[in-house]
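Descriptive structure summary
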Amino acid sequence: MSSPPAEHDHAEAPPPVVEEVGPGIFAYVQLDGSWGLNNCGFVVGGSAVTVIDTCFTERRTRDFVAAIGGVSALPLRTLINTHHHGDHTHGNYLLPAATIIGHERCRDEVLSSGHIASALFPGVAWGDLEVAPPFVTFTDDLTVFSDDLRIELQFMGPAHTTNDIVAWLPERRLLFAGDLVFNGGTPFVVMGSVAGSLAALERIRALGPETVVPGHGAVCSGDAIDAQAAYLRFVQDVARPGFEAGTPPLELATATDLGDFADLLDPERIVGNLYRAYSELRGEPLGAPIDPQAFADMITYNGGQPLRCLA
Ligand SMILES: [Zn+2]
């Protein structure tokens with residue numbers, strides 16, 4: 001007898017897996033890591049669990065919470081948000097006893113954007129989402145302890161967004177990178193900064209991580225940093241002559257051969273990334289608000305079809 005498929009069962013997306021990445025430290029990996037299929041994490045201490053990020057939909061977060069329960073029955077006391085995007089924060093409300101920690105701009109963005117992602121991804125079974133922003137915030141650095149294990153939260157934005165933080169466990173040389181690293185997916189910086197992302201990757205490189213839990217895609221080593229940086233430099237290299245010629249970002253994206261990057265998931269992100277590169281070439285502040293046409297143009301690049309989302 002087989003049970004009926006879960007709402008989020010897509011033939012192309014395997015079930016999420018719990019992967020132990022260090023003693024008592026776990027990644028919750030949702031492949032294939034495309035739009036909305038993010039990674040989370042959790043650290044099991046002696047009396048409580050520290051959680052990193054939640055999921056896009058109610059159903060996926062409930063499954064994540066159940067998966068934590070399969071490892072530890074301890075209370076989920078602390079929740080860290082790496083940035084405001086819905087695939088990392090929509091499920092916050094399902095950890096009602098947790099202190100939710102994030103960058104101060106993460107709180108602002110969660111409150112102002114709510115469930116805006118639902119407009120970009122019609123057809124996703126969201127469930128009954130409630131907005132639950134971080135309510136302990138910081139601007140630069142904050143250290144959280146799981147017993148005596150240090151979890152260093154470092155602000156790295158603007159990069160993927162205006163409010164990215166990473167969780168660095170120096171004693172384990174382990175990094176929860178949030179969406180500063182997409183393993184196998186196209187980096188996406190339309191809401192952040194191309195130059196800022198490159199700077200953040202250099203800071204990550206200087207930390208010297210042996211294990212990286214990316215925001216999307218399989219757990220990897222620090223070598224993943226090079227692939228991210230190569231793509232972002234490609235965006236800058238493509239953008240400059242296009243900007244100088246006055247070519248609109250969509251037109252430039254359509255005419256661009258992605259080369260080795262064509263195999264990355266969600267290639268339409270090139271359009272949004274070029275919008276951001278143009279903003280920086282105009283000298284606008286890193287992370288400044290972007291023309292919302294960037295999102296409509298990604299759909300146009302995608303043949304006018306809604307963006308592929310398996311959440
Ligand atoms: Zn994100």
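To be clear, the structure that these remarks concern was listed above.
In what follows, the accompanying structure is described. All of these numbers come straight from a predicted model, not from anything done at the bench.

This brings us to the coordination of the zinc ion. In the first shell of the zinc ion, the protein supplies H83 (NE2), H85 (ND1), H160 (NE2) and D179 (OD), at 2.1 to 2.2 Å from the metal. Every donor residue of the zinc ion comes from the same chain, spaced as H-x1-H-x74-H-x18-D. You can see H83 sitting in the loop between strand 5 (76-80) and helix 2 (86-89) and its partner D179 sitting in strand 11 (residues 174-182), a full 96 residues away along the chain.

A few words on the sheet that holds strand 10 (residues 165-169). One open sheet holds the five strands; their spatial order is 8-9-10-11-12, and the pairing between them is mixed. Looking along the sheet, the strands with just one partner apiece sit at the ends: strand 8 (141-146) and strand 12 (211-216). Each strand of the sheet is rotated relative to its neighbour by a mean of 25°, with strand direction disregarded. Bridge count between strand 10 and strand 11: three bridges; the pairing is antiparallel. Directly across from W168, in strand 11, lies its bridge partner L175.

Take helix 8 (residues 269-281) next. For an α-helix, 3.6 residues make a turn, and residues three or four places apart therefore share a direction. Compared with an ideal rise of 1.5 Å per residue, which puts 13 residues at 18 Å, helix 8 spans 18 Å between its outermost C-alpha atoms and is within 8% of the ideal. Of all 13 residues in helix 8, 12 are buried, a share of seventy percent or more. Summarising the contacts, the buried residues of helix 8 are in contact with strand 11, helix 5 (194-207), helix 6 (224-245), helix 7 (249-255) and helix 9 (293-301). Looking one or two places after helix 8, you find G283, whose phi comes out positive at around 85°.

Across the interface, helix 5 lies against helix 6 with an axial gap of 10 Å and an inter-helix angle of 160°. The angle between helix 5 and helix 6 places the two elements in the roughly antiparallel class. In this structure, helix 5 crosses over helix 6, and the sense of that crossing is left-handed. Contacts between helix 5 and helix 6 involve V194, A195, S197, L198, L201, I204 and R205 on the former and, on the latter, I225, D226, Q228, A229, L232, R233, V235 and Q236. When its residues are assigned to classes, the contact of helix 5 with helix 6 shows nine nonpolar, three polar and three charged.

This part takes up unusual backbone geometry. With an omega of 20°, the peptide bond running from L31 to D32 counts as cis. The topology assignment puts D32 in the loop between strand 2 (25-29) and strand 3 (40-44). At D147, a residue that is not glycine, the phi angle is positive and equals roughly 55°. The topology assignment puts D147 in the loop between strand 8 and strand 9 (149-155).

Thresholds, definitions, all that
Residues numbered from 1 in each chain as written. Predicted model: local features only at pLDDT ≥ 70, side-chain atom pairs only at ≥ 80, totals over all residues. Heavy atoms only, no water. Donors = N, O, S within 2.8 Å, 3.2 Å for Na, K, Ca; no water. Helix = DSSP H or I, 4+ residues; strand = E, 2+ residues; numbered from the N terminus. Pairing = 2+ DSSP bridges. Axes fitted to C-alpha atoms, helices over the stretch in contact; angles between N-to-C directions. Expected span 1.5 Å × (residues − 1). Buried < 20%, exposed > 50% of the residue type's maximum accessible area, 1.4 Å probe, protein only. Contact = heavy atoms within 4.5 Å. Parallel < 35°, antiparallel > 145°, perpendicular 65-115°, else oblique. Left-handed = near helix turned anticlockwise from the far one by under 90°. Nonpolar A, V, L, I, M, F, W, Y, C, P; charged D, E, K, R; others polar.

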